[in-house]
Amino acid sequence: MPTSAVAPAISLDDEDWTETMEKANVLFLCTGNSARSQMAEALLRARAGDRFETFSAGLEPTEVNPLAISAMAEIGIDISGQRAKGIEEYLGRRHFGYLITVCDHAAADCPVFPGVATRLHWSLVDPAAAEGSEEERLEVFRRVRDELKRLIEEFVATH
């Protein structure tokens, strides 16, 4: 009998696939995984890491934007050790209680994630597309960071 290329079976007992009883897995998704999703991941971890296991990914991952690192450092959160990840790292490998897209492109082009319980969308401007001086661009990152902080607070209060 010929063999076919089949993805490896995933055991529901696999630690990566299941959520712990204490924490729900949350994936923040954007296009490049360079700013919005990185900041959201760190903000939720800082605000409610005892309740949520946080992750981020991009449809077309690039690298963590230095201005995102600077904007987060201003509020005492270090994301310099985070790295941009593609959705392939998670598809079929981890169950997510929540999938939150943080850009319109990701919301429109997001593949179907098996096992996602709740999908949310937060439409945020892309700070990486900001133009002007470094200070002017950093100000856009700050505004997006602050909007994410507000959205995270609402999310934590309601979930």
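Since the structure is predicted, the reported quantities are computational estimates derived from the model, not experimental observations.

Trainee: Would you mind going over the packing of helix H2 (residues 66–73) against helix H4 (residues 134–158) with me for this structure?
Mentor: Look at H2 against H4: their axes get within 9 Å of each other, and the N-to-C directions meet at 60°. Comparing the axis directions of H2 and H4 gives the class oblique. As H2 packs across H4, the resulting crossing turns out to be right-handed. Between H2 and H4, the residues in contact are Leu67, Ala68, Ser70, Ala71 and Met72 and Glu134, Arg137, Leu138, Phe141, Arg142 and Arg145, respectively. Taken together, the residues of the contact of H2 with H4 break down into 6 nonpolar, 1 polar and 4 charged.

Trainee: Would you mind showing me how to read the packing of helix H1 (residues 36–48) against H4 here?
Mentor: In a pair of packed helices, the angle between the axes and the distance between the axes together describe the arrangement. The interhelical angle for the contact between H1 and H4, taken along N-to-C directions, is 45°, at an axis separation of 9 Å. The orientation of H1 with respect to H4, classified from their angle, is oblique. Two packed elements cross with a definite hand, and for H1 against H4 that hand is right-handed. On H4, the residues touching Arg36, Met39, Ala40, Leu43, Leu44, Arg47 and Ala48 of H1 are Phe141, Val144, Arg145, Leu148, Lys149, Ile152, Glu153, Phe155 and Val156. The residue makeup of the contact of H1 with H4, split by class, is 11 nonpolar, no polar and 5 charged.

Trainee: Teacher, can you tell me more about the pattern of salt bridges here?
Mentor: Between side chains of opposite charge, pairing is possible as soon as their charged atoms come close. Following the criterion strictly, the structure yields 13 salt bridges and no others. A salt bridge links Arg145 to Glu74, with the nearest nitrogen and oxygen atoms 3.2 Å apart. Pair noted here: Arg145 is in helix H4 and Glu74 is in the loop between H2 and strand E3 (98–101), with a separation of 71 residues, a long-range link. The class of Arg145 is buried, set by a relative accessible area of 6%.

Trainee: What's the story with the nonpolar core in this structure? I'm lost.
Mentor: Of all hydrophobic cores here, the largest spans 44 residues; its most connected members are Phe28, Leu44, Phe52, Trp122, Leu148 and Phe155. Broken down by secondary-structure element, the contributors of at least two residues to this core are strand E1 (24–30), H1, strand E2 (52–58), H2, E3 and H4. Considering each element in turn, this core owes the most residues, 8 residues, to H4. Aside from chain neighbours lying at most four places away, what touches Phe155 is Val26, Leu44, Phe52, Tyr98, Ile100, Leu120 and Trp122.

Trainee: Explanation requested: H4 in the structure shown.
Mentor: Because the α-helix completes a turn every 3.6 residues, residues three or four places apart line up on one side. When the terminal C-alpha atoms of H4 are compared, their 36 Å separation across 25 residues agrees well with the 36 Å that a helix rising 1.5 Å per residue should span. Where H4 is concerned, the buried positions are Leu138, Val140, Phe141, Arg142, Val144, Arg145, Leu148, Leu151, Ile152, Phe155 and Val156. Contacts made by the buried residues of H4 are with E1, H1, E2, H2, E3 and strand E4 (118–121).

Thresholds applied
Residues numbered from 1 in each chain as written. Predicted model: local features only at pLDDT ≥ 70, side-chain atom pairs only at ≥ 80, totals over all residues. Heavy atoms only, no water. Axes fitted to C-alpha atoms, helices over the stretch in contact; angles between N-to-C directions. Helix = DSSP H or I, 4+ residues; strand = E, 2+ residues; numbered from the N terminus. Parallel < 35°, antiparallel > 145°, perpendicular 65-115°, else oblique. Left-handed = near helix turned anticlockwise from the far one by under 90°. Contact = heavy atoms within 4.5 Å. Nonpolar A, V, L, I, M, F, W, Y, C, P; charged D, E, K, R; others polar. Salt bridge = Lys/Arg side-chain N within 4 Å of Asp/Glu carboxyl O. Buried < 20%, exposed > 50% of the residue type's maximum accessible area, 1.4 Å probe, protein only. Core = buried A, V, L, I, M, F, W, Y, C linked by side-chain atoms within 4.5 Å. Expected span 1.5 Å × (residues − 1).

These values are about where atoms sit, not about what they do.
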